[in-house]
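# Fold and contact review
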Amino acid sequence: MEKPPLLDGEDGSVLAESQSDVALVSADEEGSAGAHGQEDDRPAWDSKLQYVLAQVGFSVGLGNVWRFPYLCHQNGGGAFMLLYVMLLLIIGVPLFFMELAAGQSIRQGSIGVWKHISPRLAGIGYSSCMVCFFVALYYNVIIAWSLFYMGNSFQYPLPWEQCPVDMISNQTVKECAASSPTSYFWFRKALDISDSIDQSGEFNPILTGCLLAAWAIVCLAMIKGIKSSAKVMYFSSVFPYAVLICFLIRGLMLDGAIEGIKYMFYPKLEIWGEVQVWRQAATQVFFALGLGYGSVIAYSSYNPVHNNCHRDAIMVSGINFMTSVLASLVVFVVLGFRAKNIALNCVATMAEMAKTGSAQHWWPWFNMSNPKLVALQDYREWYSHYGSLLGSNITDCDLEREMSKGVEGTGLAFIAFTEAMALFPASPFWSTLFFLMLLNLGLSTMFGTMQGILTPLMDNFRVLGRHKTMLTVCSCILGFFIGLLFTQRSGNYFVTMFDDYSATLPLIIVVVFETVSVAWIYGADRFLDDVEVMLRWRPPVVYRYLWKYVCLLGMVGLLAASLLRMVFKRPTYTAWNHTTGSETSLEYPGWALVMLSTLIIVASLPVPVGYLLSFLRERYSKYNSSEPEPNNHHSPLDEDRNRPRSTFLHLGAEHYVLLPQQEDGEEEEEEDTGL
């Protein structure tokens, strides 16, 4: 699509001259910026509630359920939460507000927004689209896994409650006996996983069918744009909260719940001295809000121009954090129950061994008929006195040690949580509820990710904008066929690769360039001026310093830390060894390192390529400037070169004009229709 012209002299945009010369609003003759007159009928949210649910649904995803609790678990509990809140306030909220304001004012997707500041920055939007596409590929596989487990939850007993028996030898399957029923079901029945990424194996037909169903659901929900996906959001965004509250109430009634909560909130402030903890907290803030994907920009671009996006930024960020805390409470309550059961079973086993072995001389409960009646605290006190006199086969049963065995991601959802739910009364009901919740969390995030792909493309390419349905269907079909990579026996290893490397570095690079674009190229003060016109009140001046210094330095530091970690620590992945029935860490082979490097490069490359192409185009135009140009769109704007400073903001529903802020503020209020 045609980009809006910029007022910076004879040769297009020059980034260094941003403070005085660059104008960011298209003129009357141009129509709407980059959309060729499509802004008149641009879709809009039916209500503010619909928009908030969409933003919350995108930002609140699976990471809130299985990543944030793990980080709290591993990094000092309450101390990590304090660190997270601090980074959320000084980095997360300002950047989130910046993306909301940019999308709402320019009313385009990620490509159009950054192209609007300067054509040289269009690559930022294309990088966001690439990252969204990579994330969508593997994220829908997780939705397929949730569909598979939800389908298997309609059984009693649940298929992962007990180890299967080998029909030939009439004995428990060795792989299951060496691990656990839930681990065996996940790695062998669900994934049928190979021992390494080198062993690809055949496609898993059941998971392939689930992946097809997942893409079909996404396609049907997205086929009419935000009009169809927003209606689905009413359920997919609200239902997970109902499930989490139900799980919390049920979990608080379980033995071990209080121990789990104590373990979660007990602060270990010494972890603040570790660089790794700061990196993990900043990364979690970054991904929890969905910064850099372009989805936040896409959603806000459908808002009325005077919507209070500052309040939205604080509200959505707050809801996101409270959801993480709620999910952590549920996880720790359930893991506390699981750890208490493991510890009590350990006591019962040790009691049986002590009664018959050499430890019987010191065993105080020799006449107790049921070893399970021995209290955990009593056993631990006895072991602390006589442990040194006992054989190596008698061990301590430490509940806190079981709690410290942190699990994250798929390990938490498909192994640890399923193991705990198998112990619940009416376990199929709770299992179905849990995986239905995961399905809805995944879908609401997936809708936002797809908007981050489709909206910028439709805004910037007229032919795609005229065929929205065809673009959506073709995107989903392409995603399904590429996603077959993840349904082969080694597919889980590729999911890990994409999750670890296809998004992290490229997104950080994207957000660094976004911050530089707004805070330095366009100017933080100018941006605040334009936001003041849009909101009808001026945001606090502290945002100027946060955008220019704190956020930028924080993101550059996070980028440096991530790069150094990759350079000095060879990338590894966790593989399943079917012989030992355990997980092991393996280094990626050479071809896999090339593949993950390619993912990072392909996602990041549009930024420098876009800059270079725009620079060469400007040089070529300047070289041929002596020749008359037919249909020169720049001439109307050239007449306005001496006007007062132009604004970032588009005004009016029918067309957008270049307005001086102070003179036309009242006229703007009269003309605006909300779109």
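Residues numbered from 1 in each chain as written. Predicted model: local features only at pLDDT ≥ 70, side-chain atom pairs only at ≥ 80, totals over all residues. Heavy atoms only, no water.

Going by what an unreviewed UniProt entry lists, the protein chain is known as Transporter and is assigned to Cyprinus carpio. Under the heading Sequence similarities (unreviewed entry), UniProt records this for the protein chain: "Belongs to the sodium:neurotransmitter symporter (SNF) (TC 2.A.22) family." UniProt, in the comment section headed Subcellular location (unreviewed entry), describes the protein chain in these words: "Membrane". (UniProt positions renumbered as here; feature names shortened; annotations may be inferred.)

### As for the packing of aromatic side chains
Scanning the entire structure with this criterion turns up 47 aromatic pairs. Summarising the aromatic geometry, the rings of Phe134 and Phe498 are spaced 6.1 Å apart at their centres and angled 85 degrees between planes, so their arrangement reads as edge-to-face. Here Phe134 is found in helix α6 (residues 122–152), whereas its partner Phe498 is found in helix α22 (residues 491–502), with 364 residues between them in sequence. Each member of the pair, Phe134 together with Phe498, is buried. Each ring, one from Phe486 and one from Phe498, has its centre 5.1 Å from the other, and the planes form 85 degrees; the classification is edge-to-face. Remark: Phe498 occurs in helix α22 and Phe486 occurs in the loop between α21 (468–483) and α22; sequence separation between them is twelve residues. Comparing Phe486 with Phe498 shows no difference in burial state: the two are buried. (Phe/Tyr/Trp six-rings, centres within 6.5 Å; stacked < 30°, edge-to-face > 60°. Helix = DSSP H or I, 4+ residues; strand = E, 2+ residues; numbered from the N terminus. Buried < 20%, exposed > 50% of the residue type's maximum accessible area, 1.4 Å probe, protein only.)

### Some details on a nonpolar patch on the surface
The grouping of Trp520, Val541, Tyr545, Tyr549, Val550 and Leu553 at the surface amounts to a nonpolar patch, some 590 Å² of accessible area in total. The greatest single-element share of the nonpolar patch, amounting to four residues, is contributed by helix α24 (residues 542–568). (Patch = residues over 30% accessible without salt bridge, like charges linked within 9 Å, V, L, I, M, F, W, Y side chains within 5 Å. Areas by Shrake-Rupley, 256 points an atom, 1.4 Å probe, with all protein chains shown as cover. Salt bridge = Lys/Arg side-chain N within 4 Å of Asp/Glu carboxyl O.)

### Focus on the UniProt feature "binding site: Na(+) 1" (unreviewed entry) in the protein chain
Residues given the UniProt feature "binding site: Na(+) 1" (unreviewed entry) here are Gly57, Val60, Asn64 and Leu441. Their sequence span is 385 residues, while the largest C-alpha to C-alpha distance among them is just 11.4 Å; these annotated residues converge on one region. Mapping Val60 onto the fold places it in the loop between α1 (48–59) and α2 (62–66). Relative accessible area serves as the criterion here: at 4%, Val60 is assigned to the buried category. In contact with Val60, other than residues within four places in its own chain, are Tyr241, Asn320, Thr323, Leu441, Ser444 and Thr445. On the secondary structure map, Asn64 appears in helix α2. Leave out the neighbours within four places in its chain, and Asn64 touches Ser59, Pro69, Asn320, Ser324 and Ala327. (Contact = heavy atoms within 4.5 Å.)

### A short note on the pairing of strand β2 (residues 582–587)
Summarising the sheet, strand β1 (residues 572–577) and β2 pair through six bridges and their orientation is antiparallel. Across the sheet, the residue bridging to Thr572 is Glu587, located in β2. Counting the residues that bridge the hairpin from β1 to β2 gives four residues, and of these Gly581 lies at a positive phi of roughly 65 degrees. (Pairing = 2+ DSSP bridges.)

### Structural notes on the environment of Ala79
Looking at the secondary structure, you find Ala79 in helix α4 (residues 78–106). Residue class for Ala79 comes out buried when judged on its relative accessible area of 0%. It is 7.7 Å that separates the C-alpha atoms of Ala79 and Trp272, two residues lying 193 residues apart in sequence. Setting aside chain neighbours within four positions, we find Ala79 in contact with Pro267, Lys268, Leu269, Ile271 and Trp272.

### A few points about the nonpolar core
Formed by 183 residues in total, the largest nonpolar core has its most connected members in Phe247, Met450 and Trp547. Ranked by residue count, the leading element in this core is α6, at 18 residues. When neighbours within four sequence positions are excluded, Phe247 is seen to be in contact with Val330, Phe417, Met421, Phe424, Trp430, Leu433 and Phe434. Counting residues in hydrophobic clusters, the runner-up holds eight residues, among them Val347, Met350, Leu376 and Tyr379. (Core = buried A, V, L, I, M, F, W, Y, C linked by side-chain atoms within 4.5 Å.)

### Topic: helix α5 (residues 110–117)
Burial of α5 is extensive: eight of the eight residues sit out of reach of the surface. For α5, the complete set of buried residues consists of Ser110, Ile111, Gly112, Val113, Trp114, Lys115, His116 and Ile117. On the buried face of α5, the contacting elements are α4, α6, α14 (295–300), α19 (427–460) and α23 (504–535).

### Some points on the packing of α4 against α5
The geometry of α4 relative to α5 is characterised by a closest axis approach of 10 Å and an angle of 85 degrees between their N-to-C directions. Here α4 is positioned roughly perpendicular relative to α5, judged by the angle of their axes. Side by side, α4 and α5 meet where Ala102, Gly103 and Ile106 of the first sit next to Gly112, Val113 and His116 of the second. (Axes fitted to C-alpha atoms, helices over the stretch in contact; angles between N-to-C directions. Parallel < 35°, antiparallel > 145°, perpendicular 65-115°, else oblique.)

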